[in-house]
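For reference, the chains in residue letters:
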Amino acid sequence: MTVPVTPLSVLDLSPISSGSTVAEALQHTVDLARHAERLGYRRFWLAEHHLNPGVAGSVPALLIAAVARETHRIRVGSGAVQTGHRTPLSVVEEFGTLDALYPGRIDLGLGRSGGPRTPSRAPAPVESVAVGTRTVGGVVIPSRFSHAGLLASPRFRAQAALIRQPDARTPPYPEVVEQVLALFEGSYRTPEGVAVQAVPGSKAGVEPWILGSSGGESAEVAGARGLPFAANYHVSPSSVLEAVEGYRGAFRPSARLAAPYVMVSADVVVGPDDETARELAAGYAPWVRSIRTGVGAIPFPTPAEAAALTWTDEERKLVADRVATQFVGSAGGVVDRLRALRDVTAADELLITTITHGHADRVRSYELLATAWAEQS
């Protein structure tokens, strides 16, 4: 019996390369989506980031419309809408509109960013959390990175002030998800019992997803409501195993999904050989450094620009977990590592994000990966 090939999908941030422009970055996103469809990727998701000099992807719904208009079969969605500064109705109306325009192709990935947190189940005992980097089934699981300094940066404070209305109250994340689902289903009732219908949105064929980085609230919400779950290995590699375990442990079958469905993300750069791939990926470490120092993602540097930068030991530690968990190399080696990630997490699908300075190199990376994955996985 032939074993089905695990699907690959794309997560795109609309990165701005050094010397490039926002317009070029957005054009490259649409072009990449055309290639992704041609190459057989299942989904093309657009991220949401704000106030980053090197990232143009701040309004997923608009980019989803642009991508869906220029493609025909590939599913297009958000990875993820940041619910902390959005009302459930605004999200449902936007994605209901997209579904009306491009029926049967729209995914809604919901993230918790920017909102309050509600208590989740007790964390794992300290002794069950590994100290330092470890390897599980060939997959690097680094030590935990603290985002405390990053979240306290002036840029994050500015973002919070700009994207939310003054004194606005964001409901707890489980409540936001519940309202979104009810509005899509057409079953929403106000606290006073008044039935309302989102137009567009009610009865739309949008596929809701939950994105999460740990085994806490997001994983529990996805599992309890029987929704598919995307686990963030490329951003939070230290907690990917607890995220998928928490989701599966909380899963309850629903009308949408009879069994757990997990997609795991990975940062990938594939080249014709290992040396070329490493050169193409050279800008990644300084790009991550800019994010984690609170400056915001810089325009993605050329290999020469990256080589000219100076580093302190502390800065190298700051990016070590992300660099160690990036999948860089020739197609065969990258496929082997991705298969290990799939097997260790029991992923049903992998979500690939690739950033290089040159757009053609990025397209080529996805081409090399798709070909090798179909042949070897």
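Up top is the structure these notes are about.
Reading guide: rules and limits
The written sequence of each chain sets the order in which its residues are numbered from 1. Side-chain atom pairs in this predicted model are given and counted only at pLDDT of 80 or more, local residue features only at pLDDT of at least 70, and totals for whole chains, interfaces and linings cover all residues. Based on all heavy atoms of the structure, the side-chain values leave hydrogens and waters out of the count. A helix here means a DSSP run of H or I that spans at least four residues, while a strand means a run of E at least two residues long, and both kinds are numbered starting from the N terminus. Accessibility here uses a 1.4 Å probe with only protein chains present; expressed as a share of the type maximum, an area under 20% marks a residue as buried, one over 50% as exposed, and anything in between as partly exposed. As a rule, the C-alpha atoms of each element are fitted with a line to give its axis, helices using only the stretch in contact, and angles between N-to-C directions run from 0 to 180 degrees. Should the near helix be turned counterclockwise from the far one by less than a right angle, the crossing is left-handed, whereas a clockwise turn marks it as right-handed. By the convention used here, residues are in contact when the closest approach between their heavy atoms is within 4.5 Å. Three categories are distinguished: nonpolar for Ala, Val, Leu, Ile, Met, Phe, Trp, Tyr, Cys and Pro, charged for Asp, Glu, Lys and Arg, and polar for the others, with Gly belonging to the last. Stacked, tilted and edge-to-face are the three classes assigned to paired rings of Phe, Tyr and Trp, where Trp is represented by its six-membered ring and a pair needs centres within 6.5 Å; plane angles under 30 degrees give stacked, over 60 edge-to-face, the rest tilted. In this description, a nonpolar core means a group of buried Ala, Val, Leu, Ile, Met, Phe, Trp, Tyr and Cys residues linked to one another through side-chain atoms lying within 4.5 Å. Two strands pair if DSSP finds at least two bridges between them. Look down the strands so they point away from you; if the path from the first strand over the helix to the second goes clockwise, the crossover is right-handed. For patch building, the residue pool is restricted to those with more than 30% relative accessible area and no salt bridge; the joining distance is 9 Å between like charges and 5 Å between nonpolar side chains (Val, Leu, Ile, Met, Phe, Trp, Tyr). Only the protein chains shown count as cover for residues, with accessible areas throughout obtained via the Shrake-Rupley method and a probe of 1.4 Å. One side-chain nitrogen of Lys or Arg within 4 Å of one carboxyl oxygen of Asp or Glu is enough to make a salt bridge. In this count, Lys and Arg are taken as positive residues and Asp and Glu as negative ones, while His and the chain termini are left out. Where a charge sits is defined by one atom per residue type, namely NZ (Lys), CZ (Arg), CG (Asp) or CD (Glu). What a helix is expected to span follows from its residue count: subtract one and scale by 1.5 Å.

Draft legend 1. Representation of unusual backbone geometry. The residue after Gly79, namely Ala80, is reached through a cis peptide bond having omega 10°. With respect to the element layout, Ala80 can be found in the loop between β3 (75-78) and β4 (81-82). The backbone of Ser14 shows a phi angle near 55°, a positive value even though the residue is not glycine. Tracing the backbone shows Ser14 in the loop between β1 (8-12) and α1 (22-39). Of note in this structure, Leu51 is not a glycine but carries a positive phi near 60°. Within the secondary structure, Leu51 is located in the loop between β2 (43-46) and α2 (60-69). Judged by relative accessible area, which is 44%, Leu51 ranks as partly exposed.

Draft legend 2. Expanded view of the packing of helix α6 (residues 173-185) against helix α7 (residues 217-224). At their nearest, the axes of α6 and α7 sit 10 Å apart, and the two run at 35° to each other. Crossing geometry of α6 relative to α7 is assigned as right-handed. Here α6 contributes Tyr173, Pro174 and Val177 to the contact with α7, which in turn contributes Glu217, Ser218 and Val221. Taken together, the residues that form the contact of α6 with α7 break down as four nonpolar, one polar and one charged.

Draft legend 3. Main features of the packing of aromatic side chains. Tallied over the entire structure, the rule returns eight aromatic pairs. Seen from their ring centres, Trp287 and Phe300 are 6.2 Å apart, and the 55° between their planes marks the pair as tilted. Taken together, the positions of Trp287 in helix α10 (residues 284-292) and Phe300 in the loop between α10 and α11 (303-307) put the pair 13 residues apart, joining distant regions of the chain. The two residues Trp287 and Phe300 agree in class, both being buried.

Draft legend 4. Representation of the nonpolar core in the model. Among the nonpolar cores identified, the biggest contains 99 residues, and Phe95, Val264, Leu338 and Leu369 are the most heavily contacted of them. Looking at which element gives the most residues to this core, the answer is α6, with eight residues. Contact partners of Leu369, with chain neighbours within four places excluded, come to Leu8, Tyr41, Val268, Val270, Val334, Val335, Leu338 and Ile352.

Draft legend 5. Geometry of the pairing of β2. Side chains Arg43 and Trp45 of β2 all project onto a buried face; the interleaved residues Phe44 and Leu46 project onto the opposite face, where all are buried too. Two strands pair when backbone bridges link them, and β1 and β2 are joined in this way by three bridges, in the parallel orientation. Paired with Leu11 across the strands is Trp45, a residue of β2. Of the pairings in the sheet, the one linking β2 to β3 comprises four bridges and is parallel in character. Residue pairing across strands places Trp45 opposite Gly77, the latter belonging to β3. Note on the crossover from β2 through α2 to β3: the handedness is right-handed.

Draft legend 6. Spotlight on a negative patch on the surface. A contiguous patch of negative charge, built from Asp273, Asp274, Glu275 and Glu279, is present on the exposed surface. Within the element layout of this structure, Glu279 appears in helix α9 (residues 274-280). Residue Glu279 is classed as partly exposed on the basis of its relative accessible area, which comes to 48%.

Draft legend 7. Region of interest: α7. For α7, the tally of buried residues reaches seven of eight residues, placing the bulk of the element in the interior. Buried within α7 we find Glu217, Ser218, Ala219, Glu220, Val221, Ala222 and Gly223. In this structure, the buried side of α7 is in contact with α6, β8 (207-212), β9 (229-231) and α8 (240-250).

Draft legend 8. Fine view of α6. With 13 residues, α6 ought to run about 18 Å at 1.5 Å a step, and its terminal C-alpha atoms sit 18 Å apart, in line with that. Of all the positions in α6, only Tyr173, Val176, Val177, Gln179, Val180, Leu181, Ala182, Leu183 and Phe184 are classed as buried. Check the buried side of α6 and you find it contacts α3 (88-101), β5 (106-111), β8 and α7.

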